Amino acid sequence: MKISILALDGVFDTGLAAIQDTLGTASDLAGSAGSGFSVNVVGVRDGVTTAHGLQVPTQAADVAARPDVVIVPAIGAKTTLALPDALSHPDISAAGQLIAACRSHGALTAAACTGTFVLAENGLLDGQVATTSWWLGPFFRQRYPRVSLDDRRMLVRSNHIVTAGAVLAHFDLALWLVRQKSPELAGITARYLMLDARSSQAAYVIPDHLSHTDIVVERFERWARSNLSNGFSLGEAARAIGTSPRTLARRMHDVLGKTPLSYFQDLRIERAVHLLRTTDDGLDRIAAEVGYAEGVTLRNLLRRRLARSASQLRRMV
């Protein structure tokens, strides 16, 4: 498997290293059997400087070499203030042309964290399902309405494109590539690197961080937090924040890609996880505090939404 890591100037150090180290570890563990990976770092310019100022040599991207996979690690800009300037750099469009050329020869395209913005900026994710860093979800939806964003998931494959979530999802992306060659090798590599299976970003999301991107959503978030132990009513919520149910539902969909009820449940889960980690209260008592009649209801919801049990969440730092 020929893998080209497309490093742009200002590449996020951890992202680049995570991909290289995971694939390198897999190759070392494969030993004489050989992993079948041929990995090189390519660029649209001769050498790049990482976000922390390290110099990284790059090879000239050779479309004729027909890589099987082109990976775009995160770029150093990690906020909605810094990203627009970074995405306006000529290297972004040059990267898009290179990726499109590789795709025309059948290459799989992959990106993680803010690297997904490089694909989306060049229209390469239009009509596709994708994920990205959870805190950038509202900005991504606003900027790229033609992309179906599922930012709860850690990894999304849509046709011949694979996208991964925030920062350390670079490891998940690299392991996914190893798994395509050998599930057994991927399992061994994960153990060596102490990487747990993570199918969702939901356990890491801070809901109120997302809500501050829109005044209606922010007002709803404040109302919801003061009513977590009560039943949910869309009409009551809309009246309390001075808007209509239709407007509230539309703003929630446009900004967060979810319904008011789904976000209300997110806040309930966030509160329940906080209580699990900071108190010795039983699950029934915690469930009552966040508006559920029985602990089993909360237990099932945690498992379904976070892919973790209550006992696992208690142990998380």
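Scroll up for the structure.
Computed from a predicted model, the values in this text were never measured in an experiment.

Each value, and the rule that gives it
- Residues numbered from 1 in each chain as written.
- Predicted model: local features only at pLDDT ≥ 70, side-chain atom pairs only at ≥ 80, totals over all residues.
- Heavy atoms only, no water.
- Salt bridge = Lys/Arg side-chain N within 4 Å of Asp/Glu carboxyl O.
- Buried < 20%, exposed > 50% of the residue type's maximum accessible area, 1.4 Å probe, protein only.
- Helix = DSSP H or I, 4+ residues; strand = E, 2+ residues; numbered from the N terminus.
- Pairing = 2+ DSSP bridges.
- Polar contact = N/O pair within 3.5 Å; in protein donor to acceptor, adjacent residues only side chain to side chain.
- Contact = heavy atoms within 4.5 Å.
- Phe/Tyr/Trp six-rings, centres within 6.5 Å; stacked < 30°, edge-to-face > 60°.
- Lys NZ or Arg CZ within 6 Å of the ring centre and 35° of its normal.
- Arc of directions from axis to C-beta.

**Quick word on the pattern of salt bridges**
- A full pass over the atoms with the stated rule returns 14 salt bridges.
- Residue Asp281 pairs with Arg285 through a salt bridge whose shortest N-O separation is 3.9 Å.
- Beyond isolated ion pairs, a larger network of salt bridges with shared partners links Arg152, Lys258, Asp266 and Arg305.

**Brief notes about the pairing of strand β6 (residues 69-72)**
- Burial of the side chains of β6 extends over both faces: Val69 and Ile71 are buried on one face and Val70 and Val72 on the other.
- Of the strand pairs in this sheet, strand β1 (residues 2-6) and β6 are connected by 3 bridges, and their pairing is parallel. Bridge pairing in β6 places Ile3 opposite Val69.
- Summarising the sheet, β6 and strand β7 (residues 108-112) pair through 4 bridges and their orientation is parallel. Across the sheet, residue Ile71 finds its bridge partner in β7, namely Ala110.

**Looking at the sheet that holds β1**
- Judged by pairing direction, the sheet is mixed, and its 7 strands sit side by side in the order β5-β2-β1-β6-β7-β11-β10 without closing on themselves. Here the strands that pair on one side only, and so sit at the sheet edges, are β5 (59-60) and β10 (155-158).

**Side note on the side chain of Thr116**
- With respect to the helices and strands, Thr116 occurs in helix α4 (residues 115-121).
- Here Thr132 takes part through its side chain, which lies 2.7 Å from a polar atom of the side chain of Thr116.
- Sequence-distant contacts of Thr116, that is, excluding residues within four places in its chain, are made with Ala111, Leu125, Thr131, Thr132, Phe140, Thr163 and Ala164.

**Here we look at the packing of aromatic side chains**
- Under the criterion given, the structure shown has 11 aromatic pairs.
- Summarising the aromatic geometry, the rings of Phe117 and Phe139 are spaced 5.9 Å apart at their centres and angled 20° between planes, so their arrangement reads as stacked. Highlighted residues: Phe117 in helix α4 and Phe139 in helix α5 (residues 137-143), separated in sequence by 22 residues. You'll find Phe117 and Phe139 in the same group, each marked buried.
- With a centroid separation of 5.1 Å and 40° between ring planes, the pair formed by Phe232 and Phe264 is classed as tilted. With a gap of 32 residues between them, Phe232 in the loop between α9 (215-225) and α10 (234-241) and Phe264 in helix α12 (residues 260-278) connect regions that are remote in the sequence.
- Note that Arg268 overlies the ring of Tyr292, its terminal NZ or CZ placed 4.7 Å from the centroid.

**Structural notes on α10**
- Along α10, the residues that are buried comprise Ala237, Ala238 and Ile241. On an axial view of α10, the arc spanned by its buried residues comes to 95°, and they lie on one face.
- Buried residues along α10 sit against α9 and α11 (245-256).
- One or two residues past the end of α10 sits Gly242, with phi positive at roughly 75°.

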